[in-house]
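Below are the chains, spelled out letter by letter.
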Amino acid sequence: MYVEIIGIIVIFVALRALVTKNRAERLLYLNVIGFGVSAIIALVINTPFALIVAAAFFICSTISANAIAYTLNRLNDEILLEE
């Protein structure tokens, strides 16, 4: 039952990520999707190795979301010259 609930939340958040125009909100939604997928991995696969896979997916998705947020923040600070 937990997998279905998390799956519905992930689908809802994915739809919101597609609809939103704000980059910061989209990054938050992508981070929630990463958390949800790692939770689904841990719940569906009932082995100790699943916890390692879920933790690795969680860590990698968090690092990638932080890297994207950092890059977008740097792009906002740049001055664009119009020709």
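Cut-offs applied
Residues numbered from 1 in each chain as written. Predicted model: local features only at pLDDT ≥ 70, side-chain atom pairs only at ≥ 80, totals over all residues. Heavy atoms only, no water. Helix = DSSP H or I, 4+ residues; strand = E, 2+ residues; numbered from the N terminus. Buried < 20%, exposed > 50% of the residue type's maximum accessible area, 1.4 Å probe, protein only. Phe/Tyr/Trp six-rings, centres within 6.5 Å; stacked < 30°, edge-to-face > 60°. Axes fitted to C-alpha atoms, helices over the stretch in contact; angles between N-to-C directions. Parallel < 35°, antiparallel > 145°, perpendicular 65-115°, else oblique. Left-handed = near helix turned anticlockwise from the far one by under 90°. Contact = heavy atoms within 4.5 Å.

Q: Can you lay out the environment of Ala-24 for me, pointing to particular residues and giving the numbers?
A: Here Ala-24 lies in helix 2 (residues 23-44). Ala-24 sits in the partly exposed class, given a relative accessible area of 47%. Separated by 23 residues in the primary sequence, Ala-24 and Thr-47 have C-alpha atoms spaced 36 Å apart.

Q: Requested: an account of the packing of aromatic side chains, with residues and values cited.
A: Pairs of aromatic rings are described using the distance from one ring centre to the other and the angle between the two planes. Summed over all chains, the structure comprises one aromatic pair. A ring pair is formed by Phe-35 and Phe-58, whose centres lie 5.0 Å apart and whose planes are at 35°; its orientation type is tilted. Taken together, the residues Phe-35 in helix 2 and Phe-58 in helix 3 (residues 48-77) connect sequence positions 23 residues apart. A residue is classified by how much of its surface remains accessible, and Phe-35, at 34% relative accessible area, is partly exposed. The partly exposed category is assigned to Phe-58, whose relative accessible area is 37%.

Q: Can you lay out the packing of helix 1 (residues 2-19) against helix 2 for me, pointing to particular residues and giving the numbers?
A: Contact pair helix 1 / helix 2: the axes reach a minimum separation of 9 Å and the direction vectors enclose 160°. As far as their axial angle goes, helix 2 and helix 1 are roughly antiparallel. Handedness of the helix 1/helix 2 crossing: left-handed. Within the contact between the two elements, helix 1 uses Tyr-2, Val-3, Ile-6, Gly-7, Val-10, Val-13, Ala-14, Arg-16 and Ala-17 and helix 2 uses Arg-26, Tyr-29, Val-32, Ile-33, Gly-36, Val-37, Ala-39, Ile-40, Leu-43 and Val-44.

Q: An account of the side chain of Asn-31 is needed here, citing residue identities and associated values.
A: Among the secondary structure elements, Asn-31 is positioned in helix 2. For Asn-31, a relative accessible area of 17% puts it in the buried group. With residues up to four places along the chain from it excluded, the contact list for Asn-31 reads Ser-61, Thr-62 and Ala-65.

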